[in-house]
Amino acid sequence: MKFKFVYILLFYLMCVLPLKGEAHSIKIKTVNQGISVDDPTSETYWFVDIDDENEIKFFASTQNEPLVVLHVSDDDFVQKVQTRHSENWHTRKLINAPIVLSEGHPIPYDWIAPFNDEIVETVIRKRSGNTVFRKSVRRTTRFISAEEAMELQMLKDGLYTLPGEARLKLISIESENHQLLVRQLWCETDTSWWIFEETPNRRSWRIP
């Protein structure tokens, strides 16, 4: 009986736990804008871990501790953003924020209401000391073909394989002056994470 218990425990640790972790982990490749996407020295890799507690954690490929954590409610609003600098954590509490922008941060943790197309215009609030800054943004969506996504280098051979005849949805966030802040390409039949993201500073792809 003792040996049977040990065997079951070993099977769980070696087989079940790794599969469970892989089911929620996504790998991202980021290239800074203005640098060739074919230059391997310009690439940075991140891991996105989505757990059952509505936490989305972002890791550098060389670290075991997250650098950014998004706390998302069941109805897909961000309640809190935590960012780590060295060993110190900075926490920004929000009230049902539909959109959160990384705004120059190297990690692509932008959240742009991927499952809520009712949001067209909203105001992003950010506090610095006793001052609250407000930014009005507009959210738009449109469906694009795989061919157009390939032409725009949002889809690249060997990086992501579309599941069947899936539709691609491009979500964009623009400022009041129509400046692109971020856009993401999502697959309607694979909503685990975006396929591609672009900001003025970087481009990122989901990879195998």
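Preceding block: the structure.
Now for a look at the structure at hand.

Criteria and thresholds
Residues numbered from 1 in each chain as written. Predicted model: local features only at pLDDT ≥ 70, side-chain atom pairs only at ≥ 80, totals over all residues. Heavy atoms only, no water. Helix = DSSP H or I, 4+ residues; strand = E, 2+ residues; numbered from the N terminus. Buried < 20%, exposed > 50% of the residue type's maximum accessible area, 1.4 Å probe, protein only. Contact = heavy atoms within 4.5 Å. Salt bridge = Lys/Arg side-chain N within 4 Å of Asp/Glu carboxyl O. Core = buried A, V, L, I, M, F, W, Y, C linked by side-chain atoms within 4.5 Å. Polar contact = N/O pair within 3.5 Å; in protein donor to acceptor, adjacent residues only side chain to side chain. Pairing = 2+ DSSP bridges.

This brings us to the overall build of the protein. Counting its secondary structure elements, the protein contains two helices and 14 strands. By residue count, 41% of the 208 residues in the protein fall in the buried class. Summarising the internal contacts of the protein: among those between residues at least 6 apart in sequence, 41% fall at separations of at least 24.

What follows deals with the pattern of salt bridges. Using the criterion set out here, one finds 13 salt bridges in the structure. The partner of E43 in a salt bridge is K29, and the shortest N-O contact between them spans 3.6 Å. Linking E43 in strand β2 (residues 43-50) with K29 in strand β1 (residues 25-32), this pair joins segments that are 14 residues apart in sequence. When its relative accessible area of 9% is taken as the criterion, K29 is described as buried.

With that settled, consider the nonpolar core. One finds F58 and W193 to be the most contacted residues of the largest nonpolar core, which totals 31 residues. Not counting residues up to four positions away in its chain, the partners in contact with W193 are I26, I28, V48, I50, I56, F58, W111, W186 and R206. Grouped together as the second largest cluster of nonpolar side chains are 16 residues, V31, L159, L168 and W205 included.

Residues other than glycine seldom take positive phi values, yet N96 does so here, at roughly 50 degrees. Mapped onto the secondary structure, N96 falls in strand β6 (residues 88-97). According to the relative accessible area criterion, N96 is partly exposed, its value standing at 40%. Positive phi is not limited to glycine here, since A113 has a value of about 50 degrees. On the secondary structure map, A113 appears in the loop between β8 (111-112) and β9 (121-128).

A word on the side chain of D110. Along the chain, the position of D110 falls in the loop between β7 (99-100) and β8. Assessed through its relative accessible area of 3%, D110 is described here as buried. At a separation of 2.8 Å, a polar atom in the side chain of D110 contacts the main-chain amide nitrogen of S102. Ignoring any residue separated from it by four or fewer positions in sequence, one finds D110 in contact with V100, L101, S102, E103, V182, Q184, E197, T199 and R202.

In this section: the pairing of strand β4 (residues 68-72). The buried fraction of β4 is high, at five of five residues. Side-chain alternation along β4 places V68, L70 and V72 on one buried face and V69 and H71 on a second face that is also buried. Looking at chain direction, strand β3 (residues 55-60) and β4 are connected through four bridges and run antiparallel. Bridge pairing in β4 places E55 opposite H71. Of the strand pairs in this sheet, β4 and strand β5 (residues 78-85) are connected by five bridges, and their pairing is antiparallel. Looking at the pairing, L70 lines up with V81 of β5. Joining the antiparallel neighbours β4 and β5 is a turn of five residues, in which D76 adopts a positive phi near 70 degrees.

Geometry only, nothing functional implied.
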